[in-house]
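Overview (structure and organization)
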Amino acid sequence: MITSVTALVITGCNTIAIFNIPLVVYYIKLIRKMNTPSLSKKNSLPQLVPLLILFTLVYITKSFFIYNELYQHNNIPASDHTTYMKIAEYFVLTGNENTMTSKNILFDLHFNSPYRFNETWLSALFLKLTSFDTVVVFENIVWIINYSLVVITVYELLLKHLHTKLIIKIFSAFAFIFFTIYQTNDYSGLTYYYSLSGFPKLSINYVFITLLFYHYQNREYEVAYTSFLFLFIFSPISLFVPLILALLIATDKQGDYIKRLLKYMGCLLLIILYYAYEQKIMSGQLGEDTFSKPIDLLVYIHNFFHKDLLLSFLPYVLILLALAILLNKMGSTWAKDQTRPMNVFMSVSCVGAYLTYCILNFVIHDGFQFCTNFLNVYFNIAVFALAHLLIQEISNYRLRSIYIKLLIGFLSFGIYHNYEQEKMYTSRNSLSGHSKYFISEVSSILMNEIKQPIGVYLPIDSIGGRSEIYENKEHLWFLSTIGRNMDVVNLSANRWAIDDFKTVEKKHGYYVNIYRKNYSQMAINIFKKRCFPVNQNEELLYKNFLDTYKIEYALSRISYSKLPGVMRNRISKIVHDPISKLYFYKLKV
């Protein structure tokens, strides 16, 4: 509700959050009907103490990797976060709910393309309320809140009522941050440990899918589906899963289920129409079609039946089946009453998410996330929940003690593994990739001598030309640690064809989409299209761009002698980083 109100206020109600308000009201109404026990004055302290302990553990853990004492700046633990930080900054500056960041200011764009609603708008709220640097807001406040929401949700819904010691329940809830079974494939040839710690951007998915899991297993279908509608707004998620859920709800024939089904389908349709309408506006303002041409049917079929994809989640399925069988053998009440609806839900949801991947991975950039962002989270929650349900079903004290110790050992290994992975990632991507002098000098110039926070960069090759903000290859992500609203746009995007948006290649034995940045979204190409539709030579186009927007600084790994003449003539100061090989150029206006 807080993030929704923030979005409504900043955008003047032109936001996807318009769907959240009625959903929140309806959700609260449903919860009240269920007579869910609330905190009473008498027992509030015993319940709040473990929550406070969990929050403290999360805060200490997250903060441990953030600050770099040597450079007196925050590190950036995940490269994608730099993009989300820029999006949040320009939400506040422009009131436009889209991902075009500084281009909203340069070109006065007005369209919505909602993306990662929760963390971006929560960041925008704290940027509005505080004077903290964005990296502090994002890493020290927003992620800690999201982590805490997850562990508190897991504790309250899945662990609180277990018949075991409080310390074990607290440890398990905290350890859930690091919980994952094994490496999973992201369907583009890479493998990841999909724990919450490894992918904090999936935090809100964990919250709502935990609610979904909890309410669905208790046959509270209306609440379960409403939880999913929140998720459909808050984060990229599988399109087919909510459709399947709506159909499953129709099988619960208590009350007027047809009316309920139509209501949910109507909500989903309105949200999809909103996305489609804003997509049309964006295409009109940028003069582009962001969807690729249809892919040959054989490509879909080949991917669907490829063994690596079909087997990538097999360990999860086998573990879930083993846990379900054990629960059933022990005569678990949950197994007898809830197994059938949960099995049906799990099966159709997995198929739905998988189908969404097979179809949309070739149409939408990172389309595999429609599958992974649901399935990885859902499987982690399901395995974790069933493993803990077994605790209260084992009647033999000795056997139960052994099982708990094994579970704690498994969770402890997960904590250790994630710690090592996070330590490696932080050291690899921290400010240690730059010299201390470079960071200090550039920070001073940007904060004290630069009026226009938007600068430019020139990539050294075509790889850098495929992205406009903070390519790790170009070592530009350090800019996110300095102040607010610092952004760079690609001054060399027009060197490469603007129509090479998507191709399909066979990679790792199956077809994947090879994403080429839609160069027509690049600042230099929007500028060229709007202001100079007739072809200009490259240097004249650069000169006009720099003059129009009074650009005061540039970043590049291209040395001074190899820069275009129009750039060399403007340079008043050069700072070179011997470690990253990056040059910071201060430009005369």
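This one's a predicted model, so the numbers in the text were calculated from it and none came from an experiment.

It is worth spelling out the overall build of the protein at this point. Along the protein, the regular secondary structure elements total 22 helices and eleven strands. Within the protein, the fraction of its 589 residues that count as buried is 55%. When contacts within the protein are restricted to residue pairs at least 6 apart in sequence, long-range pairs at least 24 apart make up 72% of them.

Of all residues in the protein, 75% have pLDDT values of 70 or greater, and the mean over the chain is 77. For the stretch residues 37-42, pLDDT sits under 50, and the model shows three contacts to residues farther than four places along the chain or on other chains.

Glancing now at the side chain of Thr3. In this fold, Thr3 is placed in helix α1 (residues 2-11). When near neighbours in sequence (up to four residues on either side) are disregarded, Thr3 contacts Phe117, Asn118, Trp121, Leu122 and Phe234.

Another aspect to go through is helix α2 (residues 20-33). With 14 residues, α2 should reach 20 Å at 1.5 Å per residue; the first-to-last C-alpha distance of 20 Å fits that figure. Those residues of α2 that fall on the buried side of the exposure criterion are Asn20, Leu23, Val24, Tyr27 and Leu30. The arc that holds every buried residue of α2, seen down its axis, measures 130°, which confines them to one face. Exposed residues lying more than 90 degrees from the buried face of α2 are Val25, Arg32 and Lys33. Looking at the buried side of α2, the elements it contacts are α1, α6 (117-129), α9 (203-217) and α10 (221-234).

Pairing in this open sheet of five strands is mixed, and the strands run β6-β5-β9-β11-β10 from one edge to the other. Looking at the sheet topology across the chains shown, the edges are occupied by β6 (487-490) and β10 (571-576). Each strand axis lies, on average, 25° off the axis of its neighbour in the sheet, ignoring direction. Examined bridge by bridge, strand β5 (residues 454-458) and β6 share four bridges and lie parallel to one another. Looking at the pairing, Ile454 lines up with Asp487 of β6.

Let's shift gears to the pattern of salt bridges. Taken as a whole and judged by the stated rule, the model has six salt bridges. Between Glu89 and Lys86 there is a salt bridge whose closest N-O contact spans 2.6 Å. With Glu89 and Lys86 both in helix α4 (residues 80-94) and three residues apart, the pair spans about one turn of that helix. A relative accessible area of 2% places Glu89 in the buried class.

As a further point, take the packing of α9 against α10. Orientation of α9 relative to α10, taken along the N-to-C sense of each, is 165°, at an axis distance of 8 Å. Taken as axis vectors, α9 and α10 run roughly antiparallel relative to one another. The crossing of α9 and α10 is left-handed. Between α9 and α10, the residues in contact are Ile204, Asn205, Phe208, Ile209, Leu211, Leu212, His215 and Tyr216 and Tyr221, Val223, Ala224, Ser227, Phe228, Phe230, Leu231 and Phe234, respectively.

Our next topic: unusual backbone geometry. With a phi angle near 65°, Asn485 is a residue other than glycine that sits in the positive phi range. By the secondary structure assignment, Asn485 is in the loop between β5 and β6. Unusually for a residue other than glycine, Lys550 sits at a positive phi of about 50°. Position of Lys550 among the secondary structure elements: in the loop between α21 (538-549) and β9 (553-556). A relative accessible area of 52% means that Lys550 is categorised as exposed.

On the surface, a cluster of nonpolar side chains totalling about 410 Å² of accessible area is made up of Leu314, Val317, Leu318, Leu321 and Ile325. Tracing the chain through its elements places Leu321 in helix α15 (residues 314-329).

Inspection of every chain in the model, using the stated rule, returns 24 aromatic pairs. For the pair Phe179 and Phe384, a centre-to-centre distance of 5.3 Å together with 70° between the ring planes defines the contact as edge-to-face. Taken together, the positions of Phe179 in the loop between α8 (166-175) and β3 (184-185) and Phe384 in helix α17 (residues 369-393) put the pair 205 residues apart, joining distant regions of the chain. With respect to burial, Phe179 and Phe384 carry one shared label: buried. For the ring pair Phe213 and Tyr378, a centre distance of 6.2 Å and an interplane angle of 55° mean the geometry is tilted. Of the two residues, Phe213 sits in helix α9 while Tyr378 sits in helix α17, which places them 165 residues apart along the sequence. Like Tyr378, Phe213 is buried.

Time to look at α4. Over its 15 residues, α4 runs 22 Å from end to end, which matches the ideal 21 Å to within 8%, given 1.5 Å per residue. Within α4, the full set of buried residues consists of His81, Thr82, Tyr84, Met85, Lys86, Ile87, Ala88, Glu89, Tyr90 and Phe91. For α4, the secondary structure elements touched by its buried residues are α1, α5 (103-107), α6, α7 (134-159), β5 and β6. Looking at the residues trailing α4, positive phi occurs at Gly95, about 75°.

Our next topic: the environment of Gly433. Mapped onto the fold, Gly433 is located in the loop between α18 (397-429) and α19 (436-448). Beyond its immediate stretch of four places on either side in the chain, Gly433 contacts Asp577, Ile579 and Ser580.

Looking now at the environment of Leu286. Of note, Leu286 is situated in helix α12 (residues 257-286). Note on Leu286: relative accessible area 2%, which makes it buried. Remark: the alpha-carbon pair of Leu286 and Asn525, spanning 239 residues in sequence, is separated by 9.7 Å. Other than its neighbours up to four places away in sequence, Leu286 contacts Met100, Leu109, Phe111, Gln521, Ile526 and Lys529.

What follows concerns the pairing of β9. Burial along β9 is two-sided: the face carrying Tyr553 and Leu555 and the face carrying Ala554 and Ser556 are both buried. Two elements, β5 and β9, share three bridges in a ladder whose sense is parallel. Within β9, the residue paired with Val456 across the bridge is Ala554. In the sheet, β9 pairs with strand β11 (residues 583-587) via four bridges, with the strands oriented antiparallel. Among the inter-strand pairings, Leu555 is bridged to a residue of β11, identified as Phe584.

Once that is clear, we can look at the packing of α7 against α9. In contact at an axis separation of 8 Å, α7 and α9 are set at 15° when each is read in the N-to-C sense. On the basis of the axis angle, α7 is roughly parallel to α9. Between α7 and α9 lies a crossing whose hand is left-handed. Of the residues in α9, those in contact with Trp143, Asn146, Tyr147, Leu149, Val150, Thr153, Val154, Leu157 and Leu158 of α7 are Ser203, Tyr206, Val207, Thr210, Leu211, Phe213 and Tyr214.

Criteria and cut-off values
- Residues numbered from 1 in each chain as written.
- Predicted model: local features only at pLDDT ≥ 70, side-chain atom pairs only at ≥ 80, totals over all residues.
- Heavy atoms only, no water.
- Helix = DSSP H or I, 4+ residues; strand = E, 2+ residues; numbered from the N terminus.
- Buried < 20%, exposed > 50% of the residue type's maximum accessible area, 1.4 Å probe, protein only.
- Contact = heavy atoms within 4.5 Å.
- pLDDT = per-residue confidence, 0-100.
- Expected span 1.5 Å × (residues − 1).
- Arc of directions from axis to C-beta.
- Pairing = 2+ DSSP bridges.
- Axes fitted to C-alpha atoms, helices over the stretch in contact; angles between N-to-C directions.
- Salt bridge = Lys/Arg side-chain N within 4 Å of Asp/Glu carboxyl O.
- Parallel < 35°, antiparallel > 145°, perpendicular 65-115°, else oblique.
- Left-handed = near helix turned anticlockwise from the far one by under 90°.
- Patch = residues over 30% accessible without salt bridge, like charges linked within 9 Å, V, L, I, M, F, W, Y side chains within 5 Å.
- Areas by Shrake-Rupley, 256 points an atom, 1.4 Å probe, with all protein chains shown as cover.
- Phe/Tyr/Trp six-rings, centres within 6.5 Å; stacked < 30°, edge-to-face > 60°.

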